Amino acid sequence: MMPQKPEPGVTDLDFQSFAEYAHGRTSELVDDADLEAASLVLTLHRAAGTVVYDLESTVHRPAGWSWSGFRLLYVLWVSGPLEARHAARLSGMSRQSTSTLSKTLERHGLLTRAPRPDDGRLITYALTAEGEQRVREVYRAHNDRERLWSRLLTPEERAAVVSALGKLLAAADDLEVRRRAD
């Protein structure tokens, strides 16, 4: 069976026009599709991915780490030493991802991994002095970039977005949503 070719002109669309096209096409393919819900999730995903990629490519990769690496380092910077399981949950990563990432960051001299004195099976992560200094420096560039994105919205729009996203996140437990860190 030969693969189908995309509709004429589809490959020339930008995200917004493709989203409109996709919703129109979906309504032809699925009678009862909730296109408003689809639009919300698609736009939310694309916006988050765009901002994360921007931060990672302009700030974090040049600093020598990934977006995930920054998240773990940032959590330790603002909270202090944490057990691995708590660091994973607070940074929004799985325990396995955090474990692998922490080994890399330890090799680069940015954090330490140590068994907890009362239970050697539990590992505690802590920033090194170099890790603390680097996160502080890189956070300034990170926050400058956040400020650029934030300025695209009015203060009222920013508050509304934060409120709406907070509402979605708060409902996650009621919806029995699976999370990476679970």
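Looking up the protein chain in an unreviewed UniProt entry gives the name MarR family winged helix-turn-helix transcriptional regulator, with the organism given as Streptomyces chlorus.

A. Structural detail: the environment of D144. Position of D144 among the secondary structure elements: in helix α6 (residues 129-150). The sequence separation of D144 and V59 amounts to 85 residues, and the corresponding C-alpha distance is 9.8 Å. A distance of 2.8 Å separates polar atoms of two side chains, one belonging to D144 and the other to R147.

B. Seen up close, the nonpolar core. W65, L72, L73, L76, L105, L111 and Y125 are the most contacted members of the largest nonpolar core, which has 22 residues in total. For this core, the secondary-structure elements that each account for two or more residues are α2 (35-63), α3 (67-79), α4 (84-91), α5 (95-107), β3 (119-127) and α6. Sequence-distant contacts of Y125, defined by excluding residues within four places in its chain, comprise L72, L76, P81, L82, A84, A87, T98, S99, S102, T112 and R113.

Reading the values: the criteria
- Residues numbered from 1 in each chain as written.
- Predicted model: local features only at pLDDT ≥ 70, side-chain atom pairs only at ≥ 80, totals over all residues.
- Heavy atoms only, no water.
- Helix = DSSP H or I, 4+ residues; strand = E, 2+ residues; numbered from the N terminus.
- Polar contact = N/O pair within 3.5 Å; in protein donor to acceptor, adjacent residues only side chain to side chain.
- Core = buried A, V, L, I, M, F, W, Y, C linked by side-chain atoms within 4.5 Å.
- Buried < 20%, exposed > 50% of the residue type's maximum accessible area, 1.4 Å probe, protein only.
- Contact = heavy atoms within 4.5 Å.

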